[in-house]
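Now for the letters of each chain:
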Amino acid sequence: MTSAPRILLLSVAVAATLAACQRREEKAPAPKAAPAQAVVADTTPVGYESKTPYADVKLTLPQTVKATPALHAALYADMVRDLKQFEEGAQADLTEAGGGSNPYEKSIAFAPGAETAKLVSLARTDFEFTGGAHPNTSFASVIWDKTTNKRVGFADLFRPGADLAVLDKALCAAANAAKQARSPGSEAATLDGKMWTCPKAVSTPFFLTPGSTPGKAGGVTFLVGPYQIGPYSDGPYWIALPQSAFRALLNPAYADQFDGAPVKAGDVTPKNG
């Protein structure tokens, strides 16, 4: 066989092979697209609100609390229960009074404080109005141990037998500095004052203060309510103390959760406080 017929045969064979491959490719089913992942809506509530003819109530939680489910569950259940009890009390009061009064008001708002490897903290502000010259504002706080899923109190954070006079003096001095800045020339509060008395640290709510060291608390912030060290018109005081002022008083179990300095020390009262 001459070279020309051989070349012709080879060309035909190659063409046949390519055609067969093309037919197999055309018959092969296209791969199925992966099913789209369903987007699950986050239904974790961070608020509660109710309005009746007798009361307007509202709860506000920060989004960050959802990262600690046990804390969120405990707070949400307790606060909603308290607000519903307030509604019931308002209905009883206003019904007994014969109606015609404006609804009572109560709101509970939580603001995030510092969070460390073990601890997460929140500041709580309660606003309540049931008639009278002005509404009442009060404060509380939550410090939560994420490793045990339990609340931490003053007696847990500070070691037994610690000389708390050091902490009381530091709080009193910082509170008076804030008071003079807000009301120059006003009468100072003292630890044993008759007119204005400095709050004792052990009986004053506080939360962890954000600090300069990531993952550590730079100090604690005490929440001093109206009327405690000055007239109602002065408003509340949030006083942040650096951890260096009380480090020796900390319980060793939590001392390693503190480091650095507060982002801001002294009066850190919210602008709308």
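Attention here is on the structure that accompanies the text. For clarity, every value in this text was computed on a predicted model and none was experimentally measured.

1. Some points on the state of the cysteines
- With the rule as written, the count across this model stands at one disulfide.
- The partner cysteine of Cys172 in its disulfide is Cys198, sulfur to sulfur 2.0 Å. One quick way to see it: the torsion about the S-S bond of Cys172 and Cys198 is about 60 degrees, and its sign makes the bridge right-handed. Note that Cys172 is positioned in helix α4 (residues 165-182) and Cys198 in the loop between α4 and β7 (206-210), a separation of 26 residues in sequence.

2. So, the pattern of salt bridges
- Taken as a whole, this structure holds seven salt bridges when the rule is applied.
- In this structure, the salt-bridge partner of Arg81 is Asp82, at a minimum N-O distance of 3.7 Å.
- As a salt-bridge pair, Lys146 and Glu115 come within 2.8 Å of each other at their nearest N and O atoms. A residue pair is termed long-range when its members are at least 10 positions apart, and Lys146 in the loop between β5 (136-145) and β6 (150-151) and Glu115 in strand β3 (residues 104-115) qualify at 31 residues.
- Lys146 sits in the partly exposed class, given a relative accessible area of 27%.
- Where salt bridges share partners, they join Lys106, Arg124, Asp126 and Glu128 into one cluster.

Calculation criteria
Residues numbered from 1 in each chain as written. Predicted model: local features only at pLDDT ≥ 70, side-chain atom pairs only at ≥ 80, totals over all residues. Heavy atoms only, no water. Disulfide = S-S within 2.5 Å. Helix = DSSP H or I, 4+ residues; strand = E, 2+ residues; numbered from the N terminus. Salt bridge = Lys/Arg side-chain N within 4 Å of Asp/Glu carboxyl O. Buried < 20%, exposed > 50% of the residue type's maximum accessible area, 1.4 Å probe, protein only.

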